[in-house]
Structure formats: structure tokens, C-alpha cells
Amino acid sequence: MEEKEWYLEYEIQQDRPGLLGDVSSLLGMLSINIITINGVDNLRRGMLLKCDASQKIEDLEAILSNMENITITKLRTPKLRDRLAVRHGRYIQRDADDKKTFRFERDELGLLVDFMAELFKQEGKRLIGVRGMPRVGKTESVVAASVCANKKWLFISSTLLRQTVRDRLLDGEYGDDQIYIVDGIVSARRHSENHWQLVREIMRMPVIKVVEHPDIFVQATEYDMDDFDYIIELRSDPAEEITYDHVDWHSSPGLESPNQFDF
């Protein structure tokens, strides 16, 4: 019988020496293998498990439910957030109202890169928006995630090293092994019809696209936020407000300064 993976997470109600050992021993008696284990919060433990029968998981749930010191919070087929929580020892913060919005802080860049890399590895098209203030690590994280996912990255518009505004792609720049990166502010200020034709062509392609500053991008185009599959917010600290009040993206295109659109 084929083995299946499960994610178990429990909250410790009363910590005591040997509690983890008791849970591990129970899993051993039920012939459930532990793949990975880690703390995912101060008093929460997460485990990736593998076994060959769902009845064993039902038995595990029944026994753990009667243990006074712990409370099961999740027992399910593992999702991406579960795997990353066990891998990094913390959960990705998700917006309570908008389930496609995920929040990260600058000291979580490793978790962010891992999260985006897993998205990049998935088959099919994805449109990912990335919000953040200047020099917080947006573009660098996208590039690092592309490397981790063994994908090539291609700037359609950007200011990472110098200002980049593409009007066309070369023959070797098409394909699902590419991550296409668009800076919404740079593109909004670039009034070249050839550039916008290229952006629209890429948006129609069944590939992964990353749009930095998606709020500006949708104001300047016919697209809207519902077109995005994921929105990632990156802040220096939890209290930082992401705002575009001081960005004049309506100005006529100007390519004089390589740092003109450094946002």
C-alpha cells in the first residue's frame, strides 16, 4: 500500500519533560514515521508524518484527543504553508480577510525566498504581486527564489542594477523556465506602446509573472487585483505602512537617472 504524508500540529497546554517523547513513542507504536519535526510557535509543535493507512491517523487523533497536556490544532494532508512552517520553525502570516495575501518581514527573507521558490516550481501560470517600500529586498528575493527554483529570471522593467525597460523578447527568452519580472512603477511611467504590447503579451502567456508594486500596475492598466493569484507584502517591521503617496508615476517617461524610479 502506498504511503501518504500527513501534517500534525498540536498546542502544548502544559509543558512537561518527556511530552515530545510520549508523542513520538505513540507514533512509533502506530507505525507512523516522522519525516520532520519542529516548533512552529512558542507552544506549538509541527510534524510531517508518513504512513500507509488512514486508519492509523484516525487512531492517532483519537488517542491524542484524550491527552490532557496537548490540543490538536491541525491534522491533514500537508499544505505548502505547513511544510514551510516545519522547515523554518514559523508560520507564514496570511491576511485574515484576503486569503491570497501573505505578509513577511525583512528578517524572514529566507522564509519568503523559500515560499516563492515553491510557487515558482509549480506548473501552470501564476501572477504574483509584491508590495514593499524602497530597499526592503523585493527584487532580490524574487531573483533568489528564481535561483532556488532553478528558473531563469528576466526583467521586463526594473531598477535593480540600472533602469531596464524592455520592448521585445529575444527568441531564447520565451518559455516556462523563465520568471518574468515587471516593476509596476517603471512600466507606468514608460509610455512606449511597444513596451506595453510586450507586457500584455507576457500577461497572456501561461507562465509565472511577478509584478512589483501591483497597486500602481493596476491603476495604469486594464488589469485589476482579482487577476493576481498571490500578493506578497514585505516590510522592514510590522508597523511599516506601504504607501505610494510620494511616487509621481503619472510623469512623462524619463530615462535620465538610473535611480529615478528607485522604489
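About the cut-offs
- Residues numbered from 1 in each chain as written.
- Predicted model: local features only at pLDDT ≥ 70, side-chain atom pairs only at ≥ 80, totals over all residues.
- Heavy atoms only, no water.
- Patch = residues over 30% accessible without salt bridge, like charges linked within 9 Å, V, L, I, M, F, W, Y side chains within 5 Å.
- Areas by Shrake-Rupley, 256 points an atom, 1.4 Å probe, with all protein chains shown as cover.
- Salt bridge = Lys/Arg side-chain N within 4 Å of Asp/Glu carboxyl O.
- Lys, Arg positive; Asp, Glu negative; His and termini not counted.
- Charge placed at Lys NZ, Arg CZ, Asp CG, Glu CD.
- Helix = DSSP H or I, 4+ residues; strand = E, 2+ residues; numbered from the N terminus.
- Buried < 20%, exposed > 50% of the residue type's maximum accessible area, 1.4 Å probe, protein only.
- Pairing = 2+ DSSP bridges.
- Contact = heavy atoms within 4.5 Å.
- Axes fitted to C-alpha atoms, helices over the stretch in contact; angles between N-to-C directions.
- Parallel < 35°, antiparallel > 145°, perpendicular 65-115°, else oblique.
- Left-handed = near helix turned anticlockwise from the far one by under 90°.
- Nonpolar A, V, L, I, M, F, W, Y, C, P; charged D, E, K, R; others polar.

Novice: How should a negative patch on the surface be read in this particular structure?
Specialist: On the surface, Asp224, Asp226, Asp227 and Asp229 cluster together into a patch of negative charge. Looking at where Asp227 falls in the secondary structure, it is placed in the loop between α8 (214–220) and β12 (230–235). The partly exposed category is assigned to Asp227, whose relative accessible area is 36%.

Novice: Explain the sheet that holds strand β6 (residues 101–105) here, please?
Specialist: Neighbouring strands of a sheet are bound in pairs by backbone hydrogen bonds; such pairs are parallel or else antiparallel. Taking strand neighbours across the sheet as the criterion, the eight strands line up as β5-β6-β12-β7-β11-β10-β8-β9 in an open arrangement whose pairing is mixed. Strand pairing shows two members of the sheet lacking a second neighbour, β5 (93–94) and β9 (164–165), which therefore form its edges. Sheet strands touched by helix α7 (residues 193–204): β7 (126–132), β8 (152–158), β9, β10 (178–183) and β11 (208–212). Its angle to β8, the strand with the most contacts, is close to 140°.

Novice: What's the story with a nonpolar patch on the surface in this structure? I'm lost.
Specialist: On the surface, a cluster of nonpolar side chains totalling about 210 Å² of accessible area is made up of Leu20, Ile34 and Ile37. Among the secondary structure elements, Leu20 is positioned in helix α1 (residues 19–29). Note on Leu20: relative accessible area 38%, which makes it partly exposed.

Novice: I tried to follow the pattern of salt bridges on my own but got confused; where do I start?
Specialist: When the charged atoms of two side chains with opposite charge come close together, those side chains can pair. Per the counting criterion, the structure on display carries 20 salt bridges. The closest approach of N and O atoms between Arg87 and Asp114, which form a salt bridge, is 2.8 Å. One end of the pair, Arg87, is in helix α3 (residues 80–88); the other, Asp114, is in helix α4 (residues 109–121), and 27 residues separate them in sequence. Take Asp114: its relative accessible area is 15%, and that puts it in the buried class. Residue Asp95 pairs with Arg103 through a salt bridge whose shortest N-O separation is 2.5 Å. Taken together, the salt bridges that share partners define one network made up of Asp95, Arg103, Arg131, Asp215, Glu233 and Arg235.

Novice: I would appreciate a short explanation of the packing of α4 against helix α5 (residues 138–148) in the present structure.
Specialist: Working note: a packed helix pair is described by the angle between its axes plus the distance between those axes. Viewed as axis vectors pointing N to C, α4 and α5 meet at an angle of 55°, and their least axial separation amounts to 8 Å. Viewed along their axes, α4 and α5 adopt a mutual orientation that is oblique. In the crossing of α4 with α5, the sense of the turn from one axis to the other is right-handed. Each of Leu109, Leu112, Val113, Met116, Ala117, Phe120 and Lys121 in α4 lies in contact with α5, whose residues at this interface are Ser141, Val142, Ala144, Ala145, Ser146 and Cys148. Residues that form the contact of α4 with α5 fall into these classes: ten nonpolar, two polar and one charged.

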